[in-house]
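Analysis of the macromolecular model
Each chain, written out:
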Amino acid sequence: MIDLRSDTVTRPTPSMRRAMTAAEVGDDVYREDPTARRLEELAAATLGFPAALFVPTGTMGNQVAVHLHTKPGSEVIIEARGHIANFEMGAMAVWSGALPRPIVTENGLLEPEQVEAAIAPNVSYRTPTRLLALENTHNLWSGLPMDAARTRALAQVAHAHDLAVHLDGARIFNAAAALGTTAAELGKGCDTVMFCLSKGLAAPVGSMLCGSRELIEEAVRVRKLFGGGMRQIGVVAAAGIVALTEMVDRLPEDHAHARRLAEGLAELTAVEIDPARVQTNIVVFKLRADRVPGDPALSPAQRFVAGLTERGVACGAFGATEVRMVTHYEVTATDVEAALVAARQVVSR
């Protein structure tokens, strides 16, 4: 099976497995795991923050940040298709009593004027705005990267109104590779940044939350509150160290494979996609319902996914007509061409 469902399906590399086997461990709830400490120090230095915390998932990292920056009955400004608002199970409401204030954009990129307009006035009868949540790369906008200048401009507006800024940087290293810069540069202006080790960097589990020493000290408590206190986590933290030191530089290969996918799909009349918008490792496209044969009880996206699955290619339906494909280190150029052959067979060209 050629698995294009997500870059989360990657399996740990041989060097990760060796590091995991040899990892020195301790009880991390007591903050005594030396490998976890090394990973946190490496993550903080890489992102340019004073401190960092290992968390089991990106969702937990994001939600710990939301909890740190908000109060019950407050709002979080976020792009309407943002992961925190759409794919984290309403956790900001459940765990922090916060509500999203979604902003619809034409291209996935917030404008400073939009953020300014969305901030609630400081009056007794309005829900106070506490946080601006950004995403880089933007998952549902075909992994769209956001440059450092825009992040700083958005953060400047937020901070002028005493809002905190959190960056969901699950794939921030993909953004940095696409833009020819560093993850640290892309995180400037943000109060906290979360990034994933278990996506394009191929670690088996884990994400990092970066921030000030004071925020991360409180994040340790909130992580425990959310059920994320772990014991001998050096076993998985060791893989995270390998992810940061060995897997970042190869990300442009995934981007090239995604662009080739997009270009090949764009040749099909059943597919609506602009290959120029595919700059990282995510390909999101729409389907014309009348060009995807199959069971009429299924949506066009479901029919397309089912047809590819029958031909040995896995991908994901995102709504009735939208499909996502994600490249990663286990997907080769040959796999990409095979996936395109399968797509041509599934649709009416």
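Predicted model, so just to flag it, every value in this text is computed and none were measured.

The strand order across the open sheet built from seven strands is E2-E8-E7-E6-E5-E3-E4, with neighbouring strands paired in mixed fashion. Whereas interior strands pair on both sides, the edge strands pair on one side only; in this sheet they are strand E2 (51–55) and strand E4 (98–103). Pairs of neighbouring strands in the sheet enclose a mean axial angle of 20 degrees, with direction left out of account. Bridge analysis of strand E7 (residues 192–196) against strand E8 (residues 207–211) gives four bridges, and the strand direction is antiparallel. Bridge pairing in E8 places Met194 opposite Leu209. In the packing of helix H7 (residues 148–160) onto the sheet, contacts are made with strand E5 (129–135) and strand E6 (164–168), and the angle to E5 comes to roughly 175 degrees.

Turning our attention to the pattern of salt bridges. Going through the model one piece at a time under the given rule, you end up with 20 salt bridges. Close ionic contact of Arg81 with Glu322 constitutes a salt bridge, the shortest N to O distance being 3.4 Å. With Arg81 in the loop between strand E3 (74–79) and helix H4 (83–86) and Glu322 in strand E13 (residues 322–326), this residue pair connects regions lying 241 residues apart in the sequence. Here the residues in one salt-bridge network are Asp28, Arg31, Arg37, Glu40 and Arg223, joined through shared partners.

In terms of nonpolar packing, the biggest core is built from 56 residues, with Leu47, Leu132, Ile172, Phe173, Phe195 and Leu197 touching the most fellow members. No other element matches the six residues that helix H11 (residues 234–246) contributes to this core. Discounting chain neighbours no more than four positions away, the residues touching Leu132 are Ile77, Leu110, Val115, Leu154, Ala158, Leu163, Ala164, Val165 and His166. Membership of the second largest hydrophobic core comes to 31 residues, among which are Ile2, Ala262, Phe304 and Cys315.

For the rest of this paragraph, the subject is the side chain of Asn139. One can find Asn139 in the loop between E5 and H7. Once residues within four sequence positions are removed from consideration, Asn139 is found in contact with His83, Arg171, Ile282, Val284 and Arg324.

For E8, a buried count of five out of five residues is recorded, marking the element as mostly surrounded by other parts of the structure. Burial along E8 is two-sided: Ser207, Leu209 and Gly211 and Met208 and Cys210, pointing in opposite directions, are all buried. Where E2 meets E8, five bridges bridge the pair, whose relative direction is antiparallel. Bridging from a neighbouring strand, Leu53 pairs with Leu209 of E8.

Cut-offs used in this document
Residues numbered from 1 in each chain as written. Predicted model: local features only at pLDDT ≥ 70, side-chain atom pairs only at ≥ 80, totals over all residues. Heavy atoms only, no water. Pairing = 2+ DSSP bridges. Helix = DSSP H or I, 4+ residues; strand = E, 2+ residues; numbered from the N terminus. Axes fitted to C-alpha atoms, helices over the stretch in contact; angles between N-to-C directions. Contact = heavy atoms within 4.5 Å. Salt bridge = Lys/Arg side-chain N within 4 Å of Asp/Glu carboxyl O. Core = buried A, V, L, I, M, F, W, Y, C linked by side-chain atoms within 4.5 Å. Buried < 20%, exposed > 50% of the residue type's maximum accessible area, 1.4 Å probe, protein only.

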